[in-house]
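# Working through the structure, step by step
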Number of protein chains: 2
Amino acid sequence: MYRNKVTVNEDLLRERQKCTFDSKELTLWLDGSSEKIATRHELEDNFLNDPLLQDKVPAKYKSHKEIYEDAIRKGCIVLEKLEYLQSIGKSDMRTYMQSLGGMLGSAILKDGNPITLHFVMFIPALLGQATPEQQAFWLSRAWSCSIIGTYAQTELGHGTFIRGLETTATYDPKTKEFVLNSPTLTSYKWWPVGHTANYAIVVAQLYSQGECKGIHPFIVQLRDEETHEPLPGIKIGEIGTKLGMNATNNGFLGFENVRIPRNHMLMKNSQILEDGTYIKATSDKLTYGTMMFVRVVLVQDIASYISKAVTIAVRYSAIRRQSQIKSDEPESQIIDYMTQQYKLFPNLAMYFAITTAANWIWNMYNNVTAELHQGELERLPELHALACCLKATASADGAKGIEELRLSCGGHGYMDSSNLPATYGLVTASCTYEGENTVLLLQTARYLMKVWRQAVRGNPLPPTVEYLSNLARGTKQEPWDDSLMCIVKAHQAVAAGYKLYRLNFYVHTYRYSINLFAVIFSFHRKIHLATQNMDRKIKKGRSPEDAWNETSIELMQAAESHCRAFIVMRYVTAINELTTVSKELHIVLKQLCTLYCVYWVLQRTGDFLRFSTLKKENVSALQSRLEEMLIAIRPNAVGIVDGFDIRDEVLGSALGAYDGNVYQRLYDEAMKSPLNQDKVNESFHKYLKPFLKSRL
Amino acid sequence: MYRNKVTVNEDLLRERQKCTFDSKELTLWLDGSSEKIATRHELEDNFLNDPLLQDKVPAKYKSHKEIYEDAIRKGCIVLEKLEYLQSIGKSDMRTYMQSLGGMLGSAILKDGNPITLHFVMFIPALLGQATPEQQAFWLSRAWSCSIIGTYAQTELGHGTFIRGLETTATYDPKTKEFVLNSPTLTSYKWWPVGHTANYAIVVAQLYSQGECKGIHPFIVQLRDEETHEPLPGIKIGEIGTKLGMNATNNGFLGFENVRIPRNHMLMKNSQILEDGTYIKATSDKLTYGTMMFVRVVLVQDIASYISKAVTIAVRYSAIRRQSQIKSDEPESQIIDYMTQQYKLFPNLAMYFAITTAANWIWNMYNNVTAELHQGELERLPELHALACCLKATASADGAKGIEELRLSCGGHGYMDSSNLPATYGLVTASCTYEGENTVLLLQTARYLMKVWRQAVRGNPLPPTVEYLSNLARGTKQEPWDDSLMCIVKAHQAVAAGYKLYRLNFYVHTYRYSINLFAVIFSFHRKIHLATQNMDRKIKKGRSPEDAWNETSIELMQAAESHCRAFIVMRYVTAINELTTVSKELHIVLKQLCTLYCVYWVLQRTGDFLRFSTLKKENVSALQSRLEEMLIAIRPNAVGIVDGFDIRDEVLGSALGAYDGNVYQRLYDEAMKSPLNQDKVNESFHKYLKPFLKSRL
C-alpha cells in the first residue's frame with residue numbers, strides 16, 4: 001500500500017525487473033506463512049499508521065529531556081494499544097516483544113523505549129525467580145501495568161563478574177526485614193531505569209546470621225505509587241547521554257538503610273526463613289535460564305538489525321551513481337563496483353547465516369528448557385557455551401557489518417536521517433551488555449577445553465561439539481576440494497586445531513596428564529615448538545592461572561572459530577536440506593551461502609593454511625569464487641532485500657525507502673530541522689554580527 | 001597544576017611508581033623541546049581556563065538548535081582570543097589550526113566548530129586558487145573576519161568524483177557576469193556551512209561561449225552582510241543531525257540565477273577574459289595542492305585522536321578491577337588480562353606508527369611544495385599516491401582502533417561522558433570525507449601499477465616505492481629470521497606480491513605486453529593459475545575496464561599493503577635511528593615498534609605465508625613474541641600515556657582523567673543532566689500516572 005504513493009526511482013525499477021526470482025517467495029519463506037505475513041502487516045499498520053506515534057520533528061533535534069518525555073508519551077500509547085489488542089485476543093508475548101523492541105519497536109522509538117525493561121527484564125525475572133505465591137501477587141500487578149518495574153544488577157564498579165557486586169541486603173530477624181545498603185559509590189546500581197519505574201528487582205549480596213550467602217534478587221519499591229517521589233533512602237536518577245539508546249532512561253540507584261519485608265526476596269530457588277536460616281537452591285544452574293533467554297533472543301534481534309542496514313545500503317547503492325567504470329558511459333550505479341559489492345553482499349549473506357543460527361539455538365533453548373522442567377540438566381552447559389559465543393560473535397559481526405554498510409553509503413551514511421548511526425548504536429551496545437563479549441568467549445573456551453579433554457579420552461561429546469571427536473582422535477582430514485562441506489570441515493579443523501592444542505598444553509596437560517601429546521602430535525606438526533613454549537613457561541614457574549591468562553588471546557580466537565564453524569555448519573546444512581522453495585530462490589540462497597563460506601576462509605586464510613588441508617595453491621581459486629559469487633548475486637541484490645519486506649517506517653531511512661527517492665527524502669528530512677525554520681538564526685544578532693562588525 | 005587538585009587513585013599511583021622510564025622525557029621527545037611544551041601549555045591555559053568556554057551543562061543534553069547557538073557563542077570567543085594573541089605576537093597559522101580543530105579545538109567544542117571551515121578551507125582555497133589581486137581584496141577581509149566564508153564543492157548527488165558536479169556557472173559577456181544555477185535537486189551543495197557564513201567558494205561547471213570548460217572555483221556572496229538574510233536566488237539551510245560533529249552546521253546550498261561579477265571566478269590557474277575567451281591552466285596538477293595539504297594534516301589529527309582514546313582506555317584499565325585471575329586474590333586490574341592488553345597496546349603502538357608516518361609525509365609535502373614553486377612537478381604523483389593511501393589507512397585503522405578502545409571500556413565506554421563516542425565520531429567521518437577511502441586506495445593502486453611496470457622494465461623508481469624494484473626483478477627474498485628488518489621486507493613482499501601480479505595480469509599485460517610473465521614467474525609460483533584466470537576472463541571478452549573492476553578488491557588490498565609496508569618501514573627506521581633519547585625510553589619505544597610489526601604480520605598471516613618467506617613453523621613463535629611484548633609493555637603503559645601529556649580538559653573524559661577518580665566523575669557528569677534536576681519528571685503527571693491509574 002505505502003509502496004505506491006510516489007514514483008519509484010528508475011534504477012530501482014530496473015533492478016526489480018531483472019530479478020531472477022520472486023521476492024515475495026522469499027518473504028513467505030522468511031515469515032513462514034501468508035497468515036504470518038498478514039498478521040505482521042496488521043500489527044505494523046496498527047502502530048505505524050497512528051499519527052500520535054509519528055514524529056513531526058525527529059527526536060534527534062530535541063533536547064535530552066524532551067526526548068525522554070516524548071518517549072514516555074509514546075510508551076504509554078504503545079502499552080494502551082497492546083492492552084486493547086490483548087483484550088480482543090490479538091496479542092501474545094511475541095507482540096509485546098516486537099512492539100517494545102526489535103524491528104517494530106525501533107521504528108516507533110528509534111532511540112529506545114524506557115518501558116521495555118519492564119517486560120524484557122522485570123517480568124521474566126519474576127517468572128524465573130519468584131515463588132508461585134510471589135508471582136500471584138506481583139505478576140498480576142506487573143502485567144496490568146499498575147506498577148512499572150526495572151531490573152538493577154550491574155553496578156558502577158561491577159559488570160559481567162556479578163559475584164563482585166557490593167550492594168548488601170542484610171536480614172534483620174527482629175523485624176523480619178532486609179536492610180539494603182550501597183556501602184560505596186562503586187556499589188551504586190548503574191543502567192536500571194531512572195525516572196520511569198516505581199519498583200525494581202535488585203540483585204544484592206545477602207547477609208544473614210552474620211554470613212554472606214552470595215547474590216540474590218529482591219523486589220524493592222523505589223517511588224511512591226501516588227506521587228512518584230523517591231522513597232526515603234532511595235538515591236535515584238539517570239546516568240546521562242550515551243552513544244545511542246538515549247530514550248531508554250538508564251539510571252543509577254543507591255540505597256541507604258532501605259527496609260523491605262522478608263517476602264520481598266524472590267525465593268523460588270534459595271530462601272531465608274523467618275529466623276534467618278538460609279536454605280540454598282538445589283542447583284546453581286537454575287538461574288542460568290533468564291540469562292540464556294535474553295542472549296538467545298538477542299541473536300535474533302541482531303539479525304533483524306542487519307537486515308535493516310543491508311536493505312538501506314543495497315537500495316542506496318542501486319540508486320547512487322558515481323564515477324564511471326567506462327569513460328564513454330554515464331556514471332555507474334555504485335552497486336556495480338566490485339569493491340562496493342564486497343562491502344554489501346557478505347553482510348547480506350551474514351543476515352541469513354545469523355538468522356539460521358538464531359533459529360537453531362532458539363529451538364535448542366526450548367528443548368533444553370523443556371528438559372529442565374523435568375529435572376534434566378545435562379545439556380545446560382552445552383547450551384550455555386553456545387549461547388555465549390553466538391551472542392558474542394553475532395553482536396561483533398553485526399556491529400562491524402552495520403558500520404561497514406554505513407561507510408558504504410559514504411557521507412550520507414553519516415547522516416542520522418540514514419538511520420544507520422542509530423542502528424549501529426543499538427547493535428554495538430549488545431557487544432558489552434548481557435555479558436561482555438571477550439568474557440563470554442572465554443567462557444565458551446573453558447567449555448571447549450573440557451570437552452576436548454573428554455574427546456581425547458574417547459568419551460562421546462554433545463552434538464554441537466561432536467565434530468571435535470574425530471579431530472581429537474587425529475583422524476586425517478580429506479584433501480581440499482572447494483566444496484561447501486569441505487569448507488565446513490575446514491572451519492571445524494581450524495576451531496579444533498592449533499587454538500585448542502595450545503590451550504591444552506598450557507593449562508591442561510600441565511595439570512592433568514601428558515599423554516595427550518601423542519594424540520595431538522598426529523593432528524598437528526607444531527607440537528614440538530608448542531611443547532618448548534609450554535616447558536619454558538613452566539620452567540619460569542607459571543601457575544595454571546597465569547598460563548591460562550597468557551594463552552587467552554588464542555583461547556578467545558578458539559571460541560570464535562568454534563562459533564564460526566557452528567554457524568557455517570548450520571547454514572550449509574539448512575540450505576542443502578531446503579526443499580520447500582522454488583529452484584530460482586534456492587539458487588540465490590545457495591550463492592549467498594557459498595559467499596559466506598568462502599568469505600570467511602579468505603578473512604582467515606592464515607588459520608586455514610595452517611590448520612586445514614587448504615593449500616596456498618587453492619587460495620586464488622577461492623578469491624575467484626568469491627568474485628564470481630559477487631557477480632552472481634549482483635542482479636538479485638535489490639530483489640533479496642525487497643524480500644525482507646521491511647516497510648519504510650521500520651527502515652526509517654532517507655536512503656533505504658522502497659521508492660528510492662533518496663535525495664528528495666534527504667532534503668525533506670533536513671527541512672524538518674528547527675534550525676531551518678528561521679532564515680537567520682538569532683545567534684547571528686547575538687554573537688556573530690557584533691563580532692564581525694568589531695573587525696571592520 | 002591541574003594535576004594536584006584531588007587525591008590520585010592508588011592503582012594509578014602504583015603504576016606511575018613502577019614505570020621504568022621518565023614519562024616527562026617522552027613528552028619532551030614528542031613535543032620537541034621544553035619551550036614547545038611551555039607554549040602548548042600556555043595556549044591550553046588561555047583557552048581552557050576561561051569560564052566562558054566551559055560547559056555547565058554538557059552540549060549533549062541540549063537541543064540541536066541550542067548546540068549550534070552555543071557553538072557560535074564559543075566560536076566568537078575563540079576568534080577574539082586568537083586575534084588578541086596575534087596582536088601580541090603569540091599566534092601563527094598553527095595556533096589557528098590547533099584551537100579551531102585537533103586536540104585543543106575538540107576540547108573547546110567537542111562536536112565541532114562552525115567557524116573552522118573559514119580557516120581550514122575558505123582561506124586555503126583563496127591562497128591556492130585566487131590571483132594576487134583577488135587575494136589582496138579577499139584575504140584581508142577573510143583574515144580579519146569581516147566576512148565569514150565556507151567551501152561548497154560536494155553535492156547531494158556527487159562526492160569524490162568531482163568531474164560529475166552539476167552546478168553551473170555560465171558566463172554572460174553582455175553583463176560580464178557569471179550566472180550560477182542548481183539545475184537539479186542532486187546538484188544542491190551538501191555539507192558547506194549553513195547558517196554561519198556569508199560568502200562561499202563554490203565549485204561549478206564553467207560554461208562559456210556555449211561550451212563546458214570543466215569545474216572551477218567561484219566566490220559567491222550568500223547572505224547580506226548587515227541582515228544575514230540569504231540573497232535573492234540563494235537557497236540555504238542546514239542538513240540536519242549526524243553521527244557526530246553536530247555543531248559544525250553543515251548545510252545545503254542551491255542557486256537560482258545568481259549573478260556574480262567576472263572577477264569572482266578564482267583565476268590563479270584558469271581564466272575567463274571579458275569576451276568569454278577561456279584560458280586553460282598550464283597544468284592539471286596545480287590544483288592538487290590544497291587537497292593534499294588537507295589529507296596530510298588529517299593524518300596528524302587522526303594520530304592525536306588515537307592518543308586521546310588510548311590515554312582514556314589505558315588509565316581506565318589500570319583503575320577498573322573486575323573478576324579474578326587467581327581465586328585467592330582480590331579482583332584484578334583489567335589491564336592485567338592479556339585479552340585486554342591485546343585491545344590496548346597495539347593501538348598504543350599505532351599512535352607512534354601513524355605519527356611517524358604523518359611527520360614524514362609532512363616533510364615530504366613541504367619539500368614537494370617547495371619544488372612546485374620552482375616549477376618542478378616530478379614528485380607530485382608519488383606524494384599524491386602516498387597521501388591517498390595514508391589518509392585511507394590512518395583513518396580506517398584509527399576509527400577501528402578507537403572503537404576497539406571504546407569497547408575495551410565495557411558499558412562505561414558507551415557513555416558520552418567517556419568522550420569515546422564523540423572521538424569516534426570525529427575520526428570515522430574522515431573515512432568518507434576528503435576522498436572516500438576505497439576510491440583513494442584505488443588511486444594509489446593505479447599509481448603502483450604504473451611504477452611496477454616501470455620497475456619490470458628496469459627503470460628507476462621514486463623513493464617511497466623503490467622497494468618494488470628488487471621484487472619486480474624477482475630478487476630472491478632472504479629466509480625468515482624474525483628480525484624487524486625481516487618483517488619490514490616481508491611487508492614489502494606482500495605489497496609487491498600477489499596483489500600486483502594479478503593486477504598486472506588482468507589489466508596491464510593484457511593491454512601492454514606479455515613478457516612480464518617471465519619476470520613474475522620467478523617471483524611467484526601461482527602464475528599458472530592466475531594466467532588461467534586471466535585467459536578465462538579474456539575469452540569471455542572482458543574489457544580492460546571490466547577486468548580492472550573485477551580485480552579491484554585485490555587492488556584495494558594491494559594499496560593497503562603498500563601503505564602498511566610504508567608505515568612499518570618508516571616506523572622501524574625511525575626507532576632504529578633514534579639516538580636522542582635515554583636507553584630506558586628507547587627500550588620502551590622499541591617494544592612498541594616490535595609489537596606493531598608482529599601484530600600486523602599476525603593480522604594478515606595468510607598474506608605472509610603466501611607472499612613472504614614466513615613459514616607455518618614461524619607463526620607460533622611470532623604469537624609468543626606478541627605475548628612477550630604485551631607483557632613487557634604492561635608495566636609502562638600508564639607511563640607512556642602520561643607521556644602524551646594530554647590534560648584532563650582535552651581528554652574530556654570521566655574515565656581518563658589524570659587523577660583516576662573514574663566513578664566520582666561518572667556520577668558527577670550524570671548529575672549535570674537536566675533530567676536529574678527534578679526528582680519527578682513532569683511526564684509522570686502528564687502521561688505515566690494517568691496510564692497507571694487507568695489500570696487499577
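Residues numbered from 1 in each chain as written. Chains lettered and ligands numbered in written order. Predicted model: local features only at pLDDT ≥ 70, side-chain atom pairs only at ≥ 80, totals over all residues. Heavy atoms only, no water.

Put simply, the rule is: UniProt positions are given in the numbering used here, feature names are shortened, and annotations may be inferred rather than shown by experiment.
Looking at an unreviewed UniProt entry, one finds chain A named Acyl-coenzyme A oxidase, with Vespula maculifrons as its source organism. Heading Cofactor (unreviewed entry) of the UniProt record for chain A holds this comment: "FAD". Heading Sequence similarities (unreviewed entry) of the UniProt record for chain A holds this comment: "Belongs to the acyl-CoA oxidase family."

## Quick word on the overall build of chain A
What counts here: Going along the chain from the N terminus, every DSSP run of H or I of four or more residues is numbered as a helix, and every run of E of two or more is numbered as a strand. C-alpha atoms define the radius of gyration in this analysis, and the globule rule sets the expected value at 2.2 Å times the number of residues to the power 0.38. When a residue's accessible area, from a 1.4 Å probe over protein chains only, is under 20% of the maximum for its type it is buried; when over 50% it is exposed; and in between it is partly exposed. Each accessible area is a Shrake-Rupley estimate made with a 1.4 Å probe; only the visible protein chains count as cover when residues are assessed. The positive count covers Lys and Arg only, the negative count covers Asp and Glu only, and His and the chain ends enter neither. The atom standing in for a charge is NZ when the residue is Lys, CZ when it is Arg, CG when it is Asp and CD when it is Glu.
When you go through chain A residue by residue, the secondary structure sums to 27 helices and 11 strands. Whereas a compact globule of 696 residues would reach a radius of gyration of roughly 26 Å, chain A reaches 28 Å, a difference of no more than 12%. Each of the three principal axes of chain A carries a C-alpha extent, and together these read 90 × 80 × 65 Å. Burial status across chain A gives 64% buried among its 696 residues. As presented, chain A carries roughly 25,700 Å² of accessible surface, and 52% of it is formed by carbon and sulfur atoms. Put simply, chain A has 78 plus and 74 minus side-chain charges, and the middle of one group is 5 Å from the middle of the other.

## Let's talk about the interface of chain B and chain A
Where the parts come together, the accessible area they lose is often given as the size of the interface. Definition in use: The criterion used for residue contact is that any of the two residues' heavy atoms lie within 4.5 Å. Two parts placed together each lose some accessible area under a 1.4 Å probe, and adding up what both lose gives the buried area. The salt bridge definition used is simple: a Lys or Arg side-chain nitrogen within 4 Å of an Asp or Glu carboxyl oxygen. For this classification, Asp, Glu, Lys and Arg are treated as charged, while Ala, Val, Leu, Ile, Met, Phe, Trp, Tyr, Cys and Pro are nonpolar and the rest, including Gly, are polar.
On the side of chain A, 148 residues touch chain B, which itself brings 148 residues to the contact. Surface buried jointly by chain B and chain A totals about 12,500 Å² across both partners, of which 60% is contributed by carbon and sulfur atoms. Summed over the three residues of chain B that lose the most area to chain A, namely Y414, I553 and L675 of chain B, the buried surface amounts to 6% of that side. Counting every contact that joins chain B to chain A gives 10 salt bridges. The salt bridge partner of K343 of chain A is E436 of chain B, with a shortest N-O separation of 3.3 Å. Take the side of chain B that touches chain A: its biggest share by element is 12 residues, from helix α23 (residues 616-633) of chain B. Grouping the constituent residues of the side of chain B that touches chain A by class yields 57 nonpolar, 48 polar and 43 charged.

## With respect to the nonpolar core
The condition that has to hold: Among buried residues, those of type Ala, Val, Leu, Ile, Met, Phe, Trp, Tyr and Cys that are joined through side-chain atoms within 4.5 Å constitute a nonpolar core.
Membership of the largest hydrophobic core comes to 373 residues, with the highest contact counts inside it found for L126, W190 and I640 of chain A together with L126 and I640 of chain B. Those residues within four positions of L126 of chain A in sequence are excluded, and the remaining contacts are Q135, W138, L139, A142, I201, I219 and L266 of chain A.

## Describing unusual backbone geometry
All names here are of chain A. Phi at K176 is positive, roughly 55°, even though this residue is not glycine. Tracing the sequence through the fold places K176 in the loop between β2 (168-172) and β3 (177-181). Residue class for K176 comes out partly exposed when judged on its relative accessible area of 38%. One non-glycine residue, D645, lies in the positive phi region at around 55°. Take D645: its relative accessible area is 8%, and that puts it in the buried class.

## Focus: the sheet that holds strand β4 (residues 189-193) of chain A
Residue and element names in this part refer to chain A. What counts, and what does not: Paired strands are those between which DSSP finds at least two bridges. Note on definitions: angles span 0 to 180 degrees between N-to-C directions of axes, and those axes are lines fitted to C-alpha atoms, for helices only across the stretch in contact.
Spatial strand order, β4-β8-β7: three strands in an open sheet with antiparallel pairing. Two strands close off the open sheet at either side, each with one partner strand: β4 and β7 (234-238). The mean angle between the axes of side-by-side strands here comes to 35°, regardless of whether they run parallel or antiparallel. Bridging between β4 and strand β8 (residues 250-255) involves three bridges; their strand directions are antiparallel. Directly across from W190, in β8, lies its bridge partner F252.

## Here we look at the relation of the copies chain B and chain A
How we decide: Here the copies are superposed with least squares, the fitted atoms being C-alpha atoms of residues at a pLDDT of at least 70 in both.
Of the transformation superimposing chain B on chain A, the axial component is 0.0 Å and the angular component is 180°, with the fit at an RMSD of 0.0 Å. In the structure described here, the two chain copies are related by an operation that fits a two-fold rotation axis. Same-surface contact between copies: 100% of interface residues of chain B are shared with the interface of chain A.

## A short note on the packing of helix α20 (residues 552-577) of chain A against helix α10 (residues 338-373) of chain B
Just so we agree on the cut-off: Angle categories: roughly parallel below 35 degrees, roughly antiparallel above 145, roughly perpendicular from 65 to 115, and oblique for all the rest.
Direction vectors running N to C along α20 of chain A and α10 of chain B enclose 90°, while the axes themselves pass 7 Å from each other. As judged from the angle between their axes, α20 of chain A and α10 of chain B are roughly perpendicular. Residues S552, I553, M556 and Q557 of chain A of α20 of chain A pack against M338, T339 and Y342 of chain B of α10 of chain B. For the contact of α20 of chain A with α10 of chain B, a count of residues per class yields four nonpolar, three polar and no charged.

## Remarks on the environment of R321 of chain A
Note the following rule: Between N or O atoms, a polar contact is any pair within 3.5 Å; within protein, one atom must be a potential hydrogen donor and the other a potential acceptor, and residues adjacent in sequence are included only when both atoms are from side chains.
Here R321 of chain A lies in the loop between α9 (288-319) and α10 (338-373). According to the relative accessible area criterion, R321 of chain A is partly exposed, its value standing at 28%. Counting along the chain gives 56 residues from R321 of chain A to L377 of chain A, while the straight-line C-alpha distance between them is 57 Å. Apart from the residues lying within four places of it in its own chain, the contact partners of R321 of chain A are D11, R14, E331, S332 and Q333 of chain A together with G157 of chain B. At 2.5 Å, the side chain of R321 of chain A forms a polar contact with the backbone oxygen of E331 of chain A.

## What to know about the packing of α20 of chain A against helix α21 (residues 583-603) of chain A
All names here are of chain A. Counted only if it meets this: By definition, any crossing whose near helix is turned counterclockwise from its far helix by less than a right angle is left-handed, and any crossing with a clockwise turn is right-handed.
For the pair α20 and α21, the least separation of the axes is 10 Å and the interaxial angle reads 160°. As summarised for this structure, α20 and α21 are arranged roughly antiparallel, according to the angle between their axes. Considering how the two elements wind past one another, α20 and α21 form a crossing that is left-handed. Where α20 approaches α21, its residues R564, I567, V568, Y571, V572 and I575 are matched on the opposing element by H586, L589, K590, L592, C593, Y596, C597 and W600.

## A few points about the packing of aromatic side chains
Residue and element names in this part refer to chain A. So the rule is basically this: Aromatic rings from Phe, Tyr and Trp, with only the six-membered ring used for Trp, were paired whenever their centres fell within 6.5 Å, and each pair was classed as stacked if the ring planes differed by under 30 degrees, edge-to-face if by over 60, and tilted otherwise.
With the rule as written, the count across this model stands at 45 aromatic pairs over all chains. Ring centres 6.4 Å apart and planes at 40° place the aromatic pair Y188 and F252 in the tilted group. Residue Y188 is located in the loop between β3 and β4, and its partner F252 is located in strand β8; the two are separated by 64 residues in the primary sequence. Residue Y188 shares its accessibility class with F252, and that shared class is buried.

## Digging into the sheet that holds strand β8 (residues 250-255) of chain B
Reading across the sheet, the three strands line up as β4-β8-β7 (chain B) and stay open at both edges, with antiparallel pairing between neighbours. Since the sheet does not close on itself, it has two edges, and those belong to β4 (189-193) and β7 (234-238) of chain B, each with one partner. The sheet shows a mean angle of 35° between the axes of neighbouring strands, direction not considered. Contacting β4, β7 and β8 of chain B, helix α26 (residues 662-671) of chain A runs over the sheet at an angle of about 35° to β4 of chain B.

## Some remarks on the UniProt feature "binding site: FAD" (unreviewed entry) in chain A
Residues and elements named next belong to chain A. Following the UniProt record, one finds the feature "binding site: FAD" (unreviewed entry) at T154. Looking at where T154 falls in the secondary structure, it is placed in the loop between β1 (149-152) and β2. Not counting chain neighbours up to four residues away, the residues in contact with T154 comprise G159, Y188, K189, W190 and W191.

## A short note on the pairing of β2 of chain A
Residue and element names in this part refer to chain A. The buried count for β2 comes to four of five residues, which makes it a mostly enclosed element. In terms of strand pairing, β2 meets β3 through five bridges, oriented antiparallel. Bridge pairing in β3 places T168 opposite N181. Connecting β2 to the next strand, β3, in antiparallel fashion are four residues, including K176 with a positive phi near 55°. As defined by bridge partners, β2 adjoins strand β5 (residues 199-208) across three bridges and the pair is classed as parallel. Each residue of the ladder has a partner; that of T170, found in β5, is Y207.

## Observations regarding the environment of A353 of chain B
Structurally, the position occupied by A353 of chain B is in helix α10. Leave out the neighbours within four places in its chain, and A353 of chain B touches I567, Y571 and Y596 of chain B.

## Digging into the side chain of T423 of chain A
All names here are of chain A. Summarising the element assignment, T423 is placed in helix α12 (residues 420-429). Separated by 2.6 Å, the side chain of T423 and the backbone oxygen of N419 make a polar contact. Non-local contacts of T423, meaning those with residues more than four positions away in its chain, are made with Y305, K308 and I402.

## Re helix α5 (residues 93-100) of chain B
All names here are of chain B. Defined as follows: Throughout, the arc means the angular range of directions from the helix axis out to the C-beta atoms.
Among the residues of α5, those classed as buried are T95, Y96, S99 and L100. End-on view of α5: buried residues confined to an arc of 110°, all on one side of the axis. Buried-residue contacts for α5 involve α3 (34-48), α4 (64-87), α6 (102-108), α7 (116-129) and α8 (132-143). Capping the start of α5 is the job of one residue whose side-chain oxygen sits 3.1 Å from the backbone nitrogen of R94: D92.

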